[in-house]
Amino acid sequence: MADFVNQRSIVRLIWGNVDLILLIFAGSAAEFALNRAVDWLFFTNRLPQDPIGRLFSTVRFAQEIVFADEVKARQTLNRISAIHQAIERERGARIPDWAYRDVLYMLIDYSERAYHLLYRPLSRSERAELFAEFHRLGEALHIPELPASYEAWLADRQRHLERDLSYSRYTSLLYEQYRRQLGEWRYELLLRVQATLVPQRVRRLLKLERVPLLGELFRVYGLFGQWQLRSLIQRLLLPPEHLDEIRQFDRGATALLEAG
C-alpha cells in the first residue's frame, strides 16, 4: 500500500520532529487567536478550555495522515470532515471556506518558518513539495479554491492575512488561557517565540516585540540540539507534566535530517 506522504518527504521530516511541531503550533496559536472565524473555536470550547490538550489532539491527527498509507490517511481525513460537519449541524451554520483555507495556509507557512528558524531555508523544490502535499490534504478535505502552485499560494496567503485577521475579545480570552496553562515565565517566552516566527501583520496586531538575538539562538540550537541541548525547546515551552506525552510524537526526524 502506497504511503500518503513519501517517506523521504520534507513534510515527514518536519512533522516527525517535536521541536518543529511545537514551533509550528506556537506560531499558529498567535494567528488562530486573531482569525475572524475564531468564534468557531469558542463554540466547541475545546481550544479555549485546554490549549495544550488541543495541541496534542491536532498533532495526533496530523501524524495519522502524514505517517500513514493512502487508505488510513484518507480514513483520518474523512473523520476530520465528519467532526467539522457535526459541529456545523449543531451550530446550524457552515464554517466559511476561507476559514478552512486559513488553517491549511497556516500549516504550510509555519512548517516552512519553523524549519528555517531551526535549520535552514527550504530549497525551492522542498517548498514546492511542502505545498503540494498540503494541497493534496486540502483537496481531500474538499477545501475549494486552492491555489495551484506555491507562488500562487504566497500571494493568496498574503491576501488572507490582510483580510481575515483582527484583534477581538476572543483574542484576549485565548491569550488569557495560554497564560493560565503555561504559567507566567513560559507565557512570556511564548510571546518572544511568536514574535520571531509570525508574519509582520500578526506581530503588529498582537504588538509582539522581537528579541533580535533570539533567532540566532534558535539556529545555534538547531545545529547542536541533537546533543546536550536536545529537547530544550520542549522543556521551555511546555510544563513538565506534558513532556512525556509530547515526546511520543517524535518520529526520529533528527536522524533523518542528518542522513538527508
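For the structure, check the block above.
If you're wondering where the values come from, they're calculated on a predicted model, not measured in any experiment.

Caption draft 1: Expanded view of unusual backbone geometry. For histidine 142, which is not glycine, the phi torsion reads 65° and is therefore positive. If you trace the backbone, histidine 142 turns up in the loop between helix 8 (124-140) and helix 9 (150-164). In this structure, glutamate 145 is a non-glycine residue whose phi angle is positive, near 60°. Within the secondary structure, glutamate 145 is located in the loop between helix 8 and helix 9.

Caption draft 2: Representation of the packing of aromatic side chains in the model. In the structure shown here, the tally under the stated rule is nine aromatic pairs. Note on tyrosine 115 and tyrosine 119: the rings are 5.3 Å apart at their centroids and 45° apart in plane angle, and the pair reads as tilted. Note on tyrosine 115: relative accessible area 3%, which makes it buried. Each ring, one from tyrosine 175 and one from tyrosine 178, has its centre 4.9 Å from the other, and the planes form 70°; the classification is edge-to-face. Within this pair, tyrosine 175 and its partner tyrosine 178 are both found in helix 10 (residues 169-182), separated by three residues, close to a single helical turn. The class for tyrosine 175 is buried, based on a relative accessible area of 8%. Look at tyrosine 178 and you get buried, because its relative accessible area is 6%. Linked through ring pairs, Tyr105, Tyr150 and Trp153 together constitute an aromatic cluster. The ring of tryptophan 40 has arginine 91 sitting right over it, with the charged end atom 4.5 Å from the ring centre. A cation over a ring is seen here: arginine 136 above phenylalanine 4, with NZ or CZ 4.2 Å from the ring centre.

Caption draft 3: Structural view of the pattern of salt bridges. If you walk through the whole model with that rule in mind, you get 18 salt bridges. Its salt-bridge partner being arginine 113, residue aspartate 109 comes within 2.9 Å of it at the nearest N-O pair. A residue pair is termed a helical-turn pair when its members lie 3 or 4 positions apart in one helix, as aspartate 109 and arginine 113 do in helix 7 (residues 97-118) at four residues. A residue is classified by how much of its surface remains accessible, and aspartate 109, at 8% relative accessible area, is buried. You can call arginine 113 partly exposed: its relative accessible area is 28%. As a salt-bridge pair, arginine 157 and aspartate 109 come within 2.9 Å of each other at their nearest N and O atoms. Highlighted residues: arginine 157 in helix 9 and aspartate 109 in helix 7, separated in sequence by 48 residues. Of the two residues, arginine 157 and aspartate 109, neither departs from the other in class, the shared state being buried.

Caption draft 4: Quick look at the nonpolar core. Membership of the largest hydrophobic core comes to 84 residues, with the highest contact counts inside it found for Trp15, Leu23, Phe134 and Val202. No other element matches helix 7, which puts 13 residues into this core.

Here is what the cut-offs are and how they apply
- Per chain, the residues get numbers from 1 upward, laid out in the order the sequence is written.
- Restriction of local features to residues with pLDDT of at least 70 applies here, the model being predicted, together with a cutoff of 80 or more for giving and counting side-chain atom pairs; totals for whole chains, interfaces and linings are based on all residues.
- Computation of side-chain values: all heavy atoms of the structure, hydrogens and water removed.
- Helix and strand definitions here come from DSSP, where helices need a minimum of 4 consecutive H or I residues and strands a minimum of 2 consecutive E residues; each element is numbered from the N-terminal end.
- Aromatic rings from Phe, Tyr and Trp, taking only the six-membered ring of Trp, are treated as a pair when their centres fall within 6.5 Å; an angle between ring planes under 30 degrees marks them as stacked, one over 60 as edge-to-face, and anything in between as tilted.
- Buried residues are those whose accessible area, probed at 1.4 Å on protein chains only, stays under 20% of the maximum for their type, while exposed residues exceed 50% and partly exposed ones sit between those limits.
- Whether a charge sits over a ring comes down to the Lys NZ or Arg CZ being within 6 Å of the ring centre and within 35 degrees of the ring normal.
- Salt bridges are defined as contacts in which a side-chain nitrogen from Lys or Arg sits within 4 Å of a carboxyl oxygen from Asp or Glu.
- Side-chain atoms within 4.5 Å link the members of a nonpolar core, which is a set of buried Ala, Val, Leu, Ile, Met, Phe, Trp, Tyr and Cys residues.

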